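# Understanding the architecture of this molecule
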Number of protein chains: 6
Amino acid sequence: MNETVFLAELPWTEVGARIRAGAPVFLPIGATEQHGHHMAMNVDVVLPTAVAERVAARVGGLVAPTIPYGNRSQPKTGGGRGFPGTLDLAASTLSAVVRDVVLGLFRHGVRRIVVVNGHYENIWPAIEGIELALEAIGPDRTDGLIVLRVDHWDLIEPGTIDRIFPDGYPGIELEHASVIETSMMMALRPELVDLSRAVHDGPAKFVRYERYGVATPEVPASGVLSMTEGSSAEKGHWLIDDVVEGLTAAVVREFALEPRK
Amino acid sequence: MNETVFLAELPWTEVGARIRAGAPVFLPIGATEQHGHHMAMNVDVVLPTAVAERVAARVGGLVAPTIPYGNRSQPKTGGGRGFPGTLDLAASTLSAVVRDVVLGLFRHGVRRIVVVNGHYENIWPAIEGIELALEAIGPDRTDGLIVLRVDHWDLIEPGTIDRIFPDGYPGIELEHASVIETSMMMALRPELVDLSRAVHDGPAKFVRYERYGVATPEVPASGVLSMTEGSSAEKGHWLIDDVVEGLTAAVVREFALEPRK
Amino acid sequence: MNETVFLAELPWTEVGARIRAGAPVFLPIGATEQHGHHMAMNVDVVLPTAVAERVAARVGGLVAPTIPYGNRSQPKTGGGRGFPGTLDLAASTLSAVVRDVVLGLFRHGVRRIVVVNGHYENIWPAIEGIELALEAIGPDRTDGLIVLRVDHWDLIEPGTIDRIFPDGYPGIELEHASVIETSMMMALRPELVDLSRAVHDGPAKFVRYERYGVATPEVPASGVLSMTEGSSAEKGHWLIDDVVEGLTAAVVREFALEPRK
Amino acid sequence: MNETVFLAELPWTEVGARIRAGAPVFLPIGATEQHGHHMAMNVDVVLPTAVAERVAARVGGLVAPTIPYGNRSQPKTGGGRGFPGTLDLAASTLSAVVRDVVLGLFRHGVRRIVVVNGHYENIWPAIEGIELALEAIGPDRTDGLIVLRVDHWDLIEPGTIDRIFPDGYPGIELEHASVIETSMMMALRPELVDLSRAVHDGPAKFVRYERYGVATPEVPASGVLSMTEGSSAEKGHWLIDDVVEGLTAAVVREFALEPRK
Amino acid sequence: MNETVFLAELPWTEVGARIRAGAPVFLPIGATEQHGHHMAMNVDVVLPTAVAERVAARVGGLVAPTIPYGNRSQPKTGGGRGFPGTLDLAASTLSAVVRDVVLGLFRHGVRRIVVVNGHYENIWPAIEGIELALEAIGPDRTDGLIVLRVDHWDLIEPGTIDRIFPDGYPGIELEHASVIETSMMMALRPELVDLSRAVHDGPAKFVRYERYGVATPEVPASGVLSMTEGSSAEKGHWLIDDVVEGLTAAVVREFALEPRK
Amino acid sequence: MNETVFLAELPWTEVGARIRAGAPVFLPIGATEQHGHHMAMNVDVVLPTAVAERVAARVGGLVAPTIPYGNRSQPKTGGGRGFPGTLDLAASTLSAVVRDVVLGLFRHGVRRIVVVNGHYENIWPAIEGIELALEAIGPDRTDGLIVLRVDHWDLIEPGTIDRIFPDGYPGIELEHASVIETSMMMALRPELVDLSRAVHDGPAKFVRYERYGVATPEVPASGVLSMTEGSSAEKGHWLIDDVVEGLTAAVVREFALEPRK
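Because the structure is predicted, anything quoted here is derived from the model rather than measured.

### Digging into the relation of the copies chain B and chain C
- Rotating chain B by 180° and moving it 0.0 Å along the rotation axis overlays it on chain C with an RMSD of 0.0 Å. Between the two chains, the operation in question is that of a two-fold axis.
- Interface overlap between copies: 100% of the residues of chain B at the interface are likewise at the interface in chain C, consistent with a symmetric, same-surface contact.

As structure tokens, then:
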């Protein structure tokens, strides 16, 4: 029972011991959101959890339970709320969850927290939640608390993008349910991907503004914003390796840790 | 990919098809809370999720992602916040999560929702969240929406309790990290239980009021409120069967469904 | 004007003097909720207020004004919102009231507070309100503040239950508007009880889950969840004596007070 | 039990009958606030409750439980939070209570509500609470709901002021714990007034702005903003009569009622 | 670029220098609300901003951006929400804005803040916002922070009122869009006033209570609560001079400043 | 008085007439945030207001008062809260302001709203505010309401970027207080720019994650994230023309308007 990095799979005694030893704690934030005909809806949960797990193993950290619901899905970045099964939270709700978990970790003595985000729309509510926690603690009482926040895709190396998209990168803003996410899922949870079902109706060409109160006609009917062609588990491993390496390096540097090998 | 009942492990197309077919949706609510030296902290996540999964399979339902953080752990029912690793939410936060998920399901056309609770302290915030969702929808627009809410332990049959506790039942109020929860975990996730580590310092004898601002000295140091002796996977199966049977019957009756066999 | 224990019936000078002398302050929390055909709707206000008054008199305490509206009435514990006249608060509202009053007492230097609850549904919002107050004060600034919280019925002695229910106790969960509450009201406010109007349509047999969005058919039409037969003022005094003795002992012990006789 | 106008002193059956008969419901809002050396702190509770009781009796109305805690006491109008025993609510808390009670009355079919205020600082949170309730109901679903809001002192006739202050009126803004409130309390609850203890250190001479973060040195040490000399029960009756007459007339006119004699 | 007192028209370096030199910061709070046929809707923005600008210039202060939306317009003081273009905020929203800006100033080291209000309905939400900021800072951490709050019209001298209204003053409570506001606007922004369009349908004769859920028939159709006859830029200058003198004196006295000439 | 497009500079009668004629209403959202040594702090107010003004003039629209405080300044996009004078709002506060203003416009019959944003950090709270307003209205009562939301910089044409940055574009993410904003300010408010004071310590090289609880060392001391060299009023006009053209086209298309010339 004691080998895992998942906090919730350990007894409290072991969690207490690791916290006392200075373990950084990773908090993955995901979403339950459509990811095309060819993939399960838990992509934004699986990816940051897997990254957190791998980095935690490298730096002696713990992984708190992934928040499985994210901030309101938007048409331009996730297809929006119209797709059946997409379940999301108001921004204030997600911020409150992040705030409460960060405060709980702080109460237990954790001073090194890493919020690992897997859903674009979560960025701002996650920031707000972290800031609300810091305000609740009080600026003169943080006792050295540092919270890092990262969107896993930001740690993909440009060289890897070039290798994956030799004909040019459509851009991260369309990378919803597309090659990057699909490849990473194929590497991590192949049983949740079925490329044979992929529908090719993208890439989306969005106008440069947003509409509320009416549908966004530019969203492809499939929910895939860019394309899935060329996805592979191998590419998924390249991507995951980038993110894990990048986050490990960041955590080691920021928290002055000794990485394990 | 299509056999699972877990909504987040399906593509949106399949979720949409099942919702259109009238699938009830189960929302398990858990906690991340100490459960003694001998068990992982995710007991309140594992149990309602397992129950929901089994009942959903019987009635053609879907299971939404389990909320992994619960309402503030209290000394008399969960040991309280002092145990390392216990991570919880303010009541308003948990209510907001429940409200948002129920509203999301309603938007997608779901009219049969079952909230399956695994953590005592969640009862009232879950009720509040459901009521807030109904108020947000409006009393004249619910379109037949029915939300059931159940605490899984309430569906254990008295005869099973008698079989498990031939010398008398300490009472559900002390059943935190004790025989019932331990047995159910042994049946479901034996790798997360190690009875050899169980510490026997209970049962707790609580005063008949609560204290805030100071510690509750009656909480056993182990976090086990009652006792663990006599726990077994076999008993766990008896308990799970009771709950699954009871909840299946309730869902079939309330939603006028045809159960599968 | 100075003999009363009711804070609001004293001038501020006297309140200040008593606070400086270390008076504990009792905060009763009630409800405005149906209690059958035979009783007024203020039962949950009258009972905790009377208990607080008597205990305060014994320990040199003060009683803050009773919060007259409680948390959402639920069908299984209070009949629910369908009964005319039941007026309740959202959980967040009640928590905010409790938080604000506790913070006000703290600002005035009170360090011994006792929340005396008279309505089942108030339990969790009262806890939340106390916790929110403690968080607002800050963990390192409570200056010794202790808040006790009690549900008055929990201090009834088992022997008294046996005397009142020689044929077996239906259980506290059905004790809404039934023998215990009716007897206590007869002892305290006999003019608000008219047993001749009691309607006998119980006891309720509730299913082991809850429904939202639809009515709860098991709620007796009268609003009496168990029964009223056998209620008497004499029994009411037994019950009140139990609670007053029990709470006095608790307060003396927890606050290291000298009780008055 | 059935003669009272106090909703909470009636059984639900009687409340239901009166609501069906069109009874307007009065909601008094008070405060727990210092009112000088010579008076109890519940002045702002006693006065609007008494007014509501008398008017309700004249128009076949009901009186909901008085909210006993008001909005933050301010130095210029109530002495401020520095006086021991003054217990108040954040504005958002009071607004939420008003909103919830108005919504509860509306759910029960009440379409005529009168909010009777006894504490200056309550004006705006009461307005906000009423508006929040109307917004929650929705502008096209109010079904004829009308909510009146009145500050009882606004119904005092100018002629009465002239009779009471033949040498000139210090102005309502200083009438805290002064002749008007003292006289009304002497008429209603003489046991809560002891003029022999009145301290004469006013009237306050406030600057024409407010300070926060520091004390307001202009607040008289006694808490009496103006003066108490000349207070009498007789004057109190004049004042109460004015307010009761004025409010009865308003309610009859606005709700097209037949007043009782 | 450096002569202005408007914080937002300076680079941060200059703002920092002035804050370090002890500059008090003025925060004007306005409204977007009808002010009759003859005036623009920004009266409540223009007036407190102009006052703040002039006083800041006299005392070496800075003026933060004016909050251009105020608390809910009420029929008796601003005509209410029925007039096209009146745009307002919920009380909690305005309080939150005030709280956040005060907290921001405090973080930058400002310890002398003056909230200058131009809209009657803003009084209580502004107070609440200031109090919420002080609570968030914590009572023992304010580091000498003083916040003054003033309604500009309260600094008009009685002698000036007598000069302007030789036939008697209708009272400040009707001074919405009437002689005082019109004259001040004519002095400050004559291009936003067109007296030839003034409609004379007042003064309003309000009942002594308020109605919600229905219209207030006493509101003059023009939106002018009193009258506009006799307005002039000259009188406007008298009024502005009063307020500027009064506020300068207050700020100098409370903050122990040396006024500039 | 009637030529302006600024709603608050018109009398209500004129606003009402234009709304009845179908005028779209523009709501600019700004910030009060450092923009280097060489520019005033109101850049994010000036730019979207100017854009809104120009587009409104072209399409017969109105411009509501600009919200002058934005969401929390972040180090990577605005330098962060450490720069003196940066004053911002919590996300929930800004969302509430947007919600309230959108709801107010809707109440007045406006069905075409355009939120024009000038501050990167505002994106998500603005979305949330719009969504909260739509939820408050109710999905079946929007009566055709459409809200557009745009970040003005997104309407700059790629060709213009190429003309301005012949040596390569540093990227919009560093365009804080840099050539684009500086040029636009030089075109619009030259008196608020002093290029001679520009400090050249950028461009910032940010790590690919964020830190909270500690400073972000990569933020240039000047607050300019990229560079200011090459800024000019001429380029500013190119940029403004792009945005005005782009937004006019969008508004005309989405609202099926006839543009004026």
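### Looking at the interface of chain B and chain C
- The partner chain C presents 38 residues to the 38 residues of chain B that form the contact.
- Taking both partners together, chain B and chain C bury about 3500 Å²; carbon and sulfur atoms supply 50% of that area.
- By the criterion of area lost to chain C, the three top residues of chain B are Trp124(B), Arg208(B) and Tyr212(B), representing 25% of everything that side buries.
- Viewed at the interface, chain C and chain B are joined by 12 salt bridges.
- A salt bridge links Glu128(B) to Arg72(C); the nearest nitrogen and oxygen atoms lie 2.7 Å apart.
- The interface formed by chain B and chain C includes 26 residue pairs in polar contact (both at pLDDT 80 or more).

### Here we look at the side chain of Gln74(A)
- Position of Gln74(A) relative to the elements: it lies in the loop between strand E3 (70-71) and helix H3 (75-78).
- For Gln74(A), a relative accessible area of 5% translates into the label buried.
- With near-sequence residues (within four places) excluded, Gln74(A) lies in contact with Gly79(A), Gly80(A), Glu121(A), Tyr212(A), Trp124(F), Ile127(F) and Glu131(F).

### Points about the interface of chain F and chain E
- Chain F puts 56 residues into the contact, and the matching count from chain E is 56 residues.
- Across the interface of chain F and chain E, roughly 4200 Å² is buried in total on both sides, 64% from carbon and sulfur atoms.
- For the pair chain F and chain E, the number of links is four salt bridges.
- Linking Asp88(F) and Arg107(E) is a salt bridge whose minimum nitrogen-to-oxygen distance equals 3.8 Å.
- For the pair chain F and chain E, the interface holds 20 residue pairs in polar contact (both at pLDDT 80 or more).
- The element best represented in the side of chain F that touches chain E is helix H4 (residues 91-107) of chain F, accounting for nine residues.
- For the side of chain F that touches chain E, the residue count by class is 28 nonpolar, 18 polar and 10 charged.

### Observations concerning the environment of Thr142(D)
Residues and elements named next belong to chain D.
- Tracing the sequence through the fold places Thr 142 in the loop between helix H5 (123-137) and strand E6 (146-151).
- Given the relative accessible area of 15%, Thr 142 is considered buried.
- Sequence spacing of Thr 142 and Phe 106 is 36 residues, and the spatial spacing of their C-alpha atoms is 8.5 Å.
- Ignoring any residue separated from it by four or fewer positions in sequence, one finds Thr 142 in contact with Phe 106, Arg 111, Leu 134 and Ile 137.

### Some words on the sheet that holds strand E2 (residues 62-63) of chain D
- Read from one edge to the other, the open sheet built from five strands follows the order E2(D)-E1(D)-E5(D)-E6(D)-E7(E), with strand pairing classed as mixed. The open sheet has two edge strands with one neighbour each: E2 of chain D together with strand E7 (210-212) of chain E.
- Relative to strand E1 (residues 25-29) of chain D, helix H4 (residues 91-107) of chain D is tilted by about 170°, and along the sheet it contacts E1 and strand E5 (112-117) of chain D.
- Strands in contact with helix H8 (residues 233-255) of chain D are E1, E5 and E6 of chain D together with E7 of chain E; relative to E6(D), the strand with the most contacts, it is inclined by about 165°.

### A few points about the pattern of salt bridges
- Inspection of every chain in the model, using the stated rule, returns 114 salt bridges over all chains.
- Here Asp100(A) ties to Arg99(A) by a salt bridge, and the two come within 2.9 Å at their closest N and O atoms.
- Here Arg99(A) falls in the partly exposed class, since its relative accessible area comes to 22%.
- Between Arg81(B) and Asp88(B) there is a salt bridge, with the nearest N and O atoms lying 2.8 Å from each other. Asp88(B) shares its class with Arg81(B); the two are buried.
- Overlapping salt bridges bring together Arg72(A), Arg81(A), Asp88(A), Arg107(B), Glu128(F) and Glu135(F) as one network.

### Focus: the confidence of the model for chain A
- Confidence in the prediction for chain A averages 95 pLDDT; 98% of positions are at 70 or higher.
- The ipTM for the predicted assembly is 0.97, set against a pTM of 0.97.

### Things to note about the arrangement of the chains
- A gap remains between chain B and chain E, which never touch, and the nearest two C-alpha atoms on either side lie 17 Å apart.
- Left apart from each other, chain C and chain F have a closest C-alpha approach of 17 Å.

### Examining helix H2 (residues 43-59) of chain F
- The terminal C-alpha atoms of H2(F) lie 25 Å apart, and with 17 residues this matches the ideal 24 Å at 1.5 Å per residue to within 8%.
- Along H2(F), 13 of the 17 residues are buried, which leaves the element largely enclosed by surrounding structure.

### A look at the environment of Ile172(F)
All names here are of chain F.
- Note on placement: Ile 172 falls in the loop between helix H6 (158-164) and helix H7 (179-188).
- The exposure class of Ile 172 is partly exposed, given its relative accessible area of 38%.
- C-alpha of Ile 172 to C-alpha of Met 184: the two residues are 12 residues apart in sequence and 14 Å apart in space.

### A short note on helix H2 (residues 43-59) of chain D
- Burial analysis of H2(D) places 14 of its 17 residues in the buried class, which makes it a mostly covered element.
- Where H2(D) terminates, the next one or two residues include Gly60(D), which has phi positive at roughly 70°.

### A look at the pairing of strand E1 (residues 25-29) of chain C
All names here are of chain C.
- Burial within E1 is extensive, with five of its five residues counted as buried.
- The two faces of E1 match: Val 25, Leu 27 and Ile 29 on one face and Phe 26 and Pro 28 on the other face are all buried.
- Regarding topology, helix H2 (residues 43-59) serves as the crossover connection from E1 to the parallel strand E2 (residues 62-63), and that connection is right-handed.
- Examined bridge by bridge, E1 and strand E5 (residues 112-117) share five bridges and lie parallel to one another. Bridging across to E5, Pro 28 finds its partner in Val 116.

### Examining the sheet that holds strand E7 (residues 210-212) of chain D
- Spatially, five strands are ordered E7(D)-E6(E)-E5(E)-E1(E)-E2(E) in an open sheet, and the strand pairing comes out mixed. Each having just a single partner strand, E7 of chain D together with strand E2 (62-63) of chain E make up the two edges of the open sheet.
- As defined by bridge partners, E7(D) adjoins strand E6 (residues 146-151) of chain E across three bridges and the pair is classed as antiparallel. Paired with Glu210(D) across the bridge in E6(E) is Arg149(E).
- Taken strand by strand, helix H2 (residues 43-59) of chain E contacts strand E1 (25-29), E2 and strand E5 (112-117) of chain E, and its axis lies near 170° from that of E1(E).

What counts, and where the lines are drawn
Throughout this document, residue positions are counted from 1 along each chain, in the order its sequence is written. Going through the entries in the order they are written, you letter the chains from A and number the ligands from 1. Restriction of local features to residues with pLDDT of at least 70 applies here, the model being predicted, together with a cutoff of 80 or more for giving and counting side-chain atom pairs; totals for whole chains, interfaces and linings are based on all residues. With hydrogens and water excluded, all non-hydrogen atoms of the structure serve as input to the side-chain values. Here the copies are matched by least squares. The fit uses the C-alpha atoms of residues with pLDDT of at least 70 in both. Here a residue-residue contact requires only that any non-hydrogen atoms of the pair lie within 4.5 Å. By convention, the term buried area covers the 1.4 Å-probe accessible surface removed from two parts as they join, with the contributions of both added. Whenever a carboxyl oxygen of Asp or Glu lies within 4 Å of a side-chain nitrogen of Lys or Arg, that contact is scored as a salt bridge. In protein, a polar contact means a hydrogen-donor-capable atom and an acceptor-capable atom, both N or O and within 3.5 Å, with residues adjacent in sequence counting only if both atoms are side-chain atoms; elsewhere, any N or O pair within 3.5 Å suffices. Secondary structure follows DSSP: runs of H or I at least 4 residues long count as helices, runs of E at least 2 residues long count as strands, and numbering of each begins at the N terminus. Burial status follows relative accessibility: with a 1.4 Å probe on protein chains alone, a residue under 20% of its type maximum counts as buried, one over 50% as exposed, and anything between as partly exposed. Ten residues, namely Ala, Val, Leu, Ile, Met, Phe, Trp, Tyr, Cys and Pro, are considered nonpolar, four, namely Asp, Glu, Lys and Arg, are considered charged, and the remaining ones, Gly among them, are considered polar. Following DSSP output, two strands are said to pair if at least two bridges run between them. The axes used here are C-alpha line fits, helices contributing only the stretch in contact, and every angle between their N-to-C directions lies in the interval 0 to 180 degrees. What pLDDT expresses is the predictor's confidence in each residue, scored from 0 to 100. Helix span is expected to be 1.5 Å times the residue number reduced by one. Whether a crossover is right-handed depends on one test, that the path from the first strand over the helix to the second runs clockwise when the strands point away from the viewer.

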